[in-house]
Amino acid sequence: MGKQAFTTLCYVEKDGKYLMLHRTKKEKDINKDKYIGIGGHIEHGETPNECIIREAREETGLRLINPRLRGLLTFVIDDMDEYTFLYTCTDFEGTLKECDEGDLEWIPKEKIKDLPLWEGDKIFFKMLEEKEDFFTLKLVYVNDKLVDYHFDKQ
C-alpha cells in the first residue's frame, strides 16, 4: 500500500481574481515555479475547515470567513494518494503578508490558464467556473505528467 496524505487547497476570490501562490522560494518543492492556491497538510485532530483557515493565516496573513468547500480532489501521484479538500472563499479580512513559500499575486481568472500550472489544475479550475455544487475529481500523475482523470457528476 502506498502513502496517503490529507490536504486543503483554497482559491481566495476578489474582483474577478484568484489569489495565487507562485512557488519560488523552496529548493526541494514538488510545486517549484508553479502557481497554486494556498493550503497545506491537515494536522492531527484538525478538520479540513480548521486547516484551511490556519493555512491561510500562516501563508497570507488573511483570515478567511466562511470558506466554501467546493470539491474533493484525489491525486494519485506515483506511489502516493493525496486527498485534497478544495475550497473557494470570497469573504476575508486582513492584509496580505509576505509568504515564505513564494510570491502571492492576485491573478485575473481569465489569465489563470496561461500560468505554469499542473495539468490537472486546469481541469478543476474549469469545474469551479462551471459547477456551483460539490464535485469530486481524480487526477492520476506518473513522473509529474497527468496520465488520466475522472470526475463524478454529483
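Residues numbered from 1 in each chain as written. Predicted model: local features only at pLDDT ≥ 70, side-chain atom pairs only at ≥ 80, totals over all residues. Heavy atoms only, no water.

### Some remarks on the overall build of the protein chain
The helix and strand inventory of the protein chain stands at 2 helices and 11 strands. N-terminal to C-terminal, the α/β element order of the protein chain is β-β-β-β-α-β-β-β-β-β-α-β-β. Computed over its C-alpha atoms, the radius of gyration of the protein chain comes to 15 Å, within 12% of the 15 Å expected for a compact globule of 154 residues. Its C-alpha atoms give the protein chain principal-axis dimensions of about 40 × 35 × 35 Å. Expressed as a percentage of its 154 residues, the buried residues of the protein chain come to 45%. In the protein chain, once contacts between residues fewer than 6 apart in sequence are set aside, the share between residues at least 24 apart is 64%. Separation of charge centres in the protein chain, based on 24 positive and 33 negative side chains, amounts to 3 Å. (Helix = DSSP H or I, 4+ residues; strand = E, 2+ residues; numbered from the N terminus. Rg over C-alpha atoms; globule rule 2.2 N^0.38 Å. Buried < 20%, exposed > 50% of the residue type's maximum accessible area, 1.4 Å probe, protein only. Contact = heavy atoms within 4.5 Å. Lys, Arg positive; Asp, Glu negative; His and termini not counted. Charge placed at Lys NZ, Arg CZ, Asp CG, Glu CD.)

### Notes on the nonpolar core
Note that soluble globular proteins tend to have their nonpolar side chains buried in a common cluster. Tyr11, Met20 and Phe124 are the most contacted members of the largest nonpolar core, which totals 37 residues. No other element matches the 5 residues that helix H2 (residues 119-130) contributes to this core. Residue contacts for Met20: discarding those within four places in its chain leaves Tyr11, Tyr35, Ile36, Asp103, Leu104, Glu105, Ile107, Ile112, Leu115, Leu117 and Phe125. (Core = buried A, V, L, I, M, F, W, Y, C linked by side-chain atoms within 4.5 Å.)

### Comments concerning the side chain of Glu101
Positionally, Glu101 belongs in the loop between strand E8 (92-93) and strand E9 (102-108). Classification of Glu101 as buried rests on a relative accessible area of 13%. In this structure the side chain of Glu101 is engaged in a polar contact, spanning 3.2 Å, whose partner is the side chain of Arg23. (Polar contact = N/O pair within 3.5 Å; in protein donor to acceptor, adjacent residues only side chain to side chain.)

### A short note on the state of the cysteines
Counted by the stated rule, this structure contains 0 disulfides. Summary of cysteine pairing: Cys10 is not part of a disulfide, and the nearest cysteine sulfur, belonging to Cys89, is at 5.5 Å. Residue Cys10 is classed as buried on the basis of its relative accessible area of 0%. The structure places no disulfide on Cys51, whose sulfur is separated from the nearest cysteine sulfur, that of Cys10, by 11 Å. (Disulfide = S-S within 2.5 Å.)

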